[in-house]
Amino acid sequence: MGQARLPARLGLACCLLLLGGSGVLGSQGKARGTWEEEQGPAAEGGQWGRAKYEAVKKHLGAVGALSKQYWQFLACKVWQEDCEEEKEEKSHPRPGWTLPLVGQNYLEILSAWYCSFGKCCETGDCRIVNNITGLEADLNGQLHGQHLAKEVIVRAVHGFLQSPRPEKPLVLSLHGWSGTGKNFVARMVASHLYRDGMKSECVRLFISLFHFPHHKYVDLYKAQLKKQISETVQLCKQSLFIFDEAEKLHFSLLDAIKPFMAHYDNKGQEDYRRSIFLFLSNLGGNTINEVALDFWRAGRAREEISMEFLEQRLRLELQEPAENSYARSHLLKENLIDFFVPFLPLEYHHVKLCARDAFLARGLPYTEAALDEVARMMVFVPKEEKLFSAQGCKSVSQRISYFLP
């Protein structure tokens, strides 16, 4: 046992004693080990008293053995390299012994509490929460005008995490105009899958023009990118990779990471099947907007737009020969992208909802007149209908500063 871990383990031992104190200490805090000295085998009651004494003594012995099992269970939860005894126990279990459910629940809570103060397992960030219920609730409450994106993302992520042995990583490609919520959703996914959100060691964000600005260094970028993904997969049993402005990536970068998104063949490589890849792109935004405008002109609600209809149109546009990374890479040709997620253009009332959220996020009061004023400051297109916000909700939070005293 390393010297650096000794204080931490002593602290956990104290917590364990507190949890199980009612079974080890008496009501006055006196050690139960003195009971035998006080009562003795000749305690009042003759053979009946003797029988009670033996029964209690046997019970105390069982409590001691159970406490040892509790400690072993807790140590294995926090320091995985100390689990040799647990592995041996699983391969050669003792007949008739199982960790009581209530005790196990207490230890799960204790180990989670301990892990909340920092990294607690050397094999990766063990603070994975996978809160799908919270993700769905926040998408419903904070992502406005995107009924398709909400449904696809929740179903895709939930189904992927529920699968005991996925054949490949989950790959989602998010498309739409700037300001429609793609970055917002990516960060929300990170915050609900990992306790540390975007700061988690298991989450990597790559911004095309920031991380890979010069095409002449593309070979260097390829080596660095593969190394970073490989190291993250080795560290974390569940990884999240986000590529912002994906259409500006050099196509050879996408092809370089293609093996990490393909079906797992188990030929001496890391097991990356628990990884999630999110690509954020403005590509396809015009096609998505045309469909939304056609529905409006036909007097149909935007909620009637189906995923099947819009995804097919979006896929066809991305496959057209063009100077974009999608069309030139092998991602589409080999069907490695599981879902193309369309983000619809935002209308006037959606911008008002974004303004309301911005006021609430800063703890500021608002009025309907203030929300209308923020919305009217935005530019709306097309020129005739003025139906969709050209910036989505991207600059709304900055514009409410205009209303501050």
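Here we summarise the structure given alongside this text. Bear in mind that the values here come from a model prediction, so they are computed numbers and not experimental data. (Residues numbered from 1 in each chain as written. Predicted model: local features only at pLDDT ≥ 70, side-chain atom pairs only at ≥ 80, totals over all residues. Heavy atoms only, no water.)

### A closer look at the overall build of the protein chain
Now for step 1: Along the protein chain, the regular secondary structure elements total 19 helices and 7 strands.
Now for step 2: Classification of the 405 residues of the protein chain by burial places 41% in the buried group.
Now for step 3: Taking the contacts inside the protein chain whose residues are at least 6 apart along the sequence as the reference set, 75% of them involve residues at least 24 apart.
Now for step 4: By element, 55% of the accessible surface of the protein chain is carried by carbon and sulfur atoms, the whole surface being about 22,400 Å². (Helix = DSSP H or I, 4+ residues; strand = E, 2+ residues; numbered from the N terminus. Buried < 20%, exposed > 50% of the residue type's maximum accessible area, 1.4 Å probe, protein only. Contact = heavy atoms within 4.5 Å. Areas by Shrake-Rupley, 256 points an atom, 1.4 Å probe, with all protein chains shown as cover.)

### Comments concerning unusual backbone geometry
Now for step 1: Backbone torsion omega between Val381 and Pro382 reads -5°, so that peptide bond is classified as cis.
Now for step 2: The phi torsion at Glu245 lies on the positive side, around 55°, for a residue other than glycine.
Now for step 3: Tracing the backbone through its elements, the reader meets Glu245 in the loop between strand E3 (240-244) and helix H12 (251-256).
Now for step 4: The partly exposed category is assigned to Glu245, whose relative accessible area is 24%.
Now for step 5: Non-glycine residue Asn335 carries a positive phi angle of around 55°.
Now for step 6: In this fold, Asn335 is placed in the loop between helix H16 (325-328) and strand E5 (339-342).

### Considerations on the pairing of strand E1 (residues 170-175)
Now for step 1: Where burial is concerned, most of E1 is hidden: 6 out of the 6 residues are buried.
Now for step 2: In E1, alternate side chains face the same way, and those of Leu170, Leu172 and Leu174 on one face and Val171, Ser173 and His175 on the other are all buried.
Now for step 3: Across 6 bridges, E1 lies against strand E4 (residues 276-281) in parallel orientation. The residue of E4 that forms the bridge with Leu170 is Ile276.
Now for step 4: In this structure, E1 lies alongside E5, joined through 4 bridges in parallel fashion. Considered in E5, the bridge of Leu172 is made with Phe339. (Pairing = 2+ DSSP bridges.)

### Digging into the nonpolar core
Now for step 1: One finds Ile153, Ile229, Leu240, Phe243, Phe277 and Phe279 to be the most contacted residues of the largest nonpolar core, which totals 74 residues.
Now for step 2: By residue number, the principal contributor to this core is helix H8 (residues 147-162), which donates 9 residues.
Now for step 3: In this structure, Phe277 is in contact with Pro169, Leu170, Val171, Leu172, Ile229, Phe241, Phe243, Phe260 and Met261, ignoring residues within four places of it in sequence. (Core = buried A, V, L, I, M, F, W, Y, C linked by side-chain atoms within 4.5 Å.)

### Quick notes on the layout of surface pockets
Now for step 1: Size it by volume and the largest pocket reaches roughly 750 Å³.
Now for step 2: Gly179, Gly181, Phe184, Cys393 and Lys394 are the residues nearest the centre of the largest pocket, which is lined by 27 residues in total.
Now for step 3: The set of elements that each furnish at least two residues to the lining of the largest pocket consists of helix H9 (182-193), E4, helix H17 (348-361) and helix H19 (396-399).
Now for step 4: Partitioning the lining of the largest pocket into residue classes produces 9 nonpolar, 10 polar and 8 charged. (1 Å grid on protein atoms, 1.4 Å probe; cavity = no way out; pocket = protein on both sides within 12 Å on 5 of 7 lines; lining within 4 Å. Points joined across faces, edges and corners; volume = space filled by probe spheres on them. Nonpolar A, V, L, I, M, F, W, Y, C, P; charged D, E, K, R; others polar.)

### Remarks on the packing of helix H14 (residues 285-297) against helix H15 (residues 307-319)
Now for step 1: Two numbers describe how H14 lies on H15: the axes approach to 9 Å, and their chain directions differ by 145°. Helix-helix and strand crossings are classified by hand; for H14 and H15 the assignment is right-handed. The residues of H15 that touch H14, namely those facing Thr287, Ile288, Glu290, Val291 and Phe295, are Phe309, Leu310, Arg313, Leu314 and Glu317.
Now for step 2: For the contact of H14 with H15, the class distribution of residues is 6 nonpolar, 1 polar and 3 charged. (Axes fitted to C-alpha atoms, helices over the stretch in contact; angles between N-to-C directions. Left-handed = near helix turned anticlockwise from the far one by under 90°.)

### Observations regarding the packing of helix H7 (residues 132-142) against H8
The axes of two packed helices give the description: the angle between them and the distance between them.
Now for step 1: Closest axis-to-axis distance for the H7/H8 pair is 10 Å, and the angle between their directions is 175°. With respect to H8, the axis of H7 lies roughly antiparallel. Contact residues: H7 offers Ile132, Glu136, Leu139 and Asn140, while H8 offers Lys150, Ile153, Val154, Val157, His158 and Leu161.
Now for step 2: A per-class count over the contact of H7 with H8 returns 6 nonpolar, 2 polar and 2 charged. (Parallel < 35°, antiparallel > 145°, perpendicular 65-115°, else oblique.)

### Brief notes about the sheet that holds strand E2 (residues 203-207)
Now for step 1: If you walk across this open sheet you meet the 5 strands as E2-E3-E4-E1-E5, and the pairing is parallel. A single partner strand is all that each edge strand has here, and the edge strands are E2 and E5. Across the sheet, the axes of successive neighbouring strands diverge by a mean angle of 15°, strand direction being ignored.
Now for step 2: Here 4 bridges tie E3 to E4, and the two strands are oriented parallel to one another.

### Section: the packing of aromatic side chains
Aromatic ring pairs are defined here through the distance separating the ring centres and the angle between the ring planes.
Now for step 1: Counted under the stated rule, the structure contains 10 aromatic pairs.
Now for step 2: Relative to Tyr272, the ring of Phe260 has its centre 6.1 Å away and its plane inclined at 70°; by these criteria the two rings are edge-to-face. Placement of the pair is Phe260 in helix H13 (residues 258-261) and Tyr272 in the loop between H13 and E4, with a sequence separation of 12 residues. For the pair shown, Phe260 and Tyr272 are each scored as buried.
Now for step 3: Residues Phe359 and Tyr366 carry aromatic rings whose centres are separated by 6.1 Å and whose planes lie at 35° to one another, so their mutual orientation is tilted.
Now for step 4: Overall, the relative accessible area of 3% leaves Phe359 in the buried class. (Phe/Tyr/Trp six-rings, centres within 6.5 Å; stacked < 30°, edge-to-face > 60°.)

### Details of H15
In an α-helix, one turn spans 3.6 residues, which is why side chains three or four residues apart end up on the same side.
Now for step 1: Given a rise of 1.5 Å per residue, 13 residues ought to cover 18 Å, and the 18 Å separating the end C-alpha atoms of H15 matches this to within 8%.
Now for step 2: Met307, Leu310, Glu311, Leu314 and Leu318 are the residues of H15 that are buried. Around the axis of H15, the buried residues are gathered within 95° of arc, so they sit on the same side. Residues Glu308 and Gln312 are exposed on H15 and point more than 90 degrees away from its buried face.
Now for step 3: Looking at the packing, one finds that the buried side of H15 touches H8, E1, H14, H16 and E5. (Expected span 1.5 Å × (residues − 1). Arc of directions from axis to C-beta.)

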